[in-house]
Amino acid sequence: VQLQASGGGLVQAGGSLRLSCAASGHNLSRYIMAWFRQAPGKEREFVAGIRWSGGMTAHADSVKGRFTISRDNAKKTLYLQMNSLKPEDTAVYYCAADPAGGLIWYGVNKYDFWGQGTLVTVSS
């Protein structure tokens, strides 16, 4: 599967952005899809995940209540709605896909396919 992330940009603290990740090439029905982020000098970390077939999502504690992951099956697009953004949310955001399905894993090694990343910068 190929993933193309978009929607990043510069926003003031307290603002909102919506990231998109267009998927192509495979039937996603068994997939787990996720967003990760990597800030300068830090390791890549899990942000949110979703079972593509529906019924299960997960969000990291640091974004719970502010970010929401969703998907549009018809458009084969994954979204991350980010509200109440904070300077510490500044990072390159990546979408990722785990074809094995099952649980929503937080570890980067569980995901086989990655998008190219989109930069989110939150100014104070």
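In case you missed it, the structure is sitting above this.
Below is a short write-up of the structure. (Residues numbered from 1 in each chain as written. Predicted model: local features only at pLDDT ≥ 70, side-chain atom pairs only at ≥ 80, totals over all residues. Heavy atoms only, no water.)

Examining the overall build of the protein chain
Then, number 1: What the protein chain contains, in helices and strands, is zero helices and 11 strands.
Then, number 2: Helices and strands appear in the protein chain in the N-to-C order β-β-β-β-β-β-β-β-β-β-β.
Then, number 3: Burial statistics for the protein chain: of 124 residues in total, 44% are counted as buried.
Then, number 4: The contacts in the protein chain between residues at least 6 apart in sequence include a share of 58% that link residues at least 24 apart.
Then, number 5: Accessible surface computed for the protein chain: about 6,300 Å², of which carbon and sulfur atoms make up 48%.
Then, number 6: Computed over 13 positive and 8 negative side-chain charges, the separation of the two mean positions in the protein chain equals 6 Å. (Helix = DSSP H or I, 4+ residues; strand = E, 2+ residues; numbered from the N terminus. Buried < 20%, exposed > 50% of the residue type's maximum accessible area, 1.4 Å probe, protein only. Contact = heavy atoms within 4.5 Å. Areas by Shrake-Rupley, 256 points an atom, 1.4 Å probe, with all protein chains shown as cover. Lys, Arg positive; Asp, Glu negative; His and termini not counted. Charge placed at Lys NZ, Arg CZ, Asp CG, Glu CD.)

Considerations on the side chain of R66
Then, number 1: Tracing the sequence through the fold places R66 in the loop between strand 6 (57-59) and strand 7 (67-72).
Then, number 2: On the basis of relative accessibility, which here comes to 10%, the residue R66 falls in the buried class.
Then, number 3: Reaching out from R66, the side chain makes a polar contact with the side chain of D89 at a distance of 2.7 Å.
Then, number 4: Beyond its immediate stretch of four places on either side in the chain, R66 contacts Q81, M82, N83, S84, L85, K86 and D89. (Polar contact = N/O pair within 3.5 Å; in protein donor to acceptor, adjacent residues only side chain to side chain.)

As for the packing of aromatic side chains
Then, number 1: Counted according to the given criterion, the structure contains six aromatic pairs.
Then, number 2: Centre to centre, the rings of Y111 and W114 are 6.3 Å apart; their planes meet at 65°, and the pair counts as edge-to-face.
Then, number 3: Among the residues examined, Y111 registers a relative accessible area of 4% and is labelled buried.
Then, number 4: When its relative accessible area of 27% is taken as the criterion, W114 is described as partly exposed.
Then, number 5: Of the aromatic side chains, those joined through ring pairs into one cluster are F36, F46, Y94, Y106, Y111 and W114.
Then, number 6: Seen from the ring of Y94, R44 lies directly overhead, with NZ or CZ sitting 3.7 Å from the centre.
Then, number 7: A cation over a ring is seen here: R44 above W114, with NZ or CZ 4.9 Å from the ring centre. (Phe/Tyr/Trp six-rings, centres within 6.5 Å; stacked < 30°, edge-to-face > 60°. Lys NZ or Arg CZ within 6 Å of the ring centre and 35° of its normal.)

Some remarks on the nonpolar core
Then, number 1: Residues W35, L78, L80, M82 and Y93 are the most contacted members of the largest nonpolar core, which totals 39 residues.
Then, number 2: Those elements that place two or more of their residues in this core are strand 1 (2-6), strand 3 (17-24), strand 4 (32-38), strand 5 (45-51), strand 7, strand 8 (77-82), strand 9 (91-98) and strand 11 (118-123). (Core = buried A, V, L, I, M, F, W, Y, C linked by side-chain atoms within 4.5 Å.)

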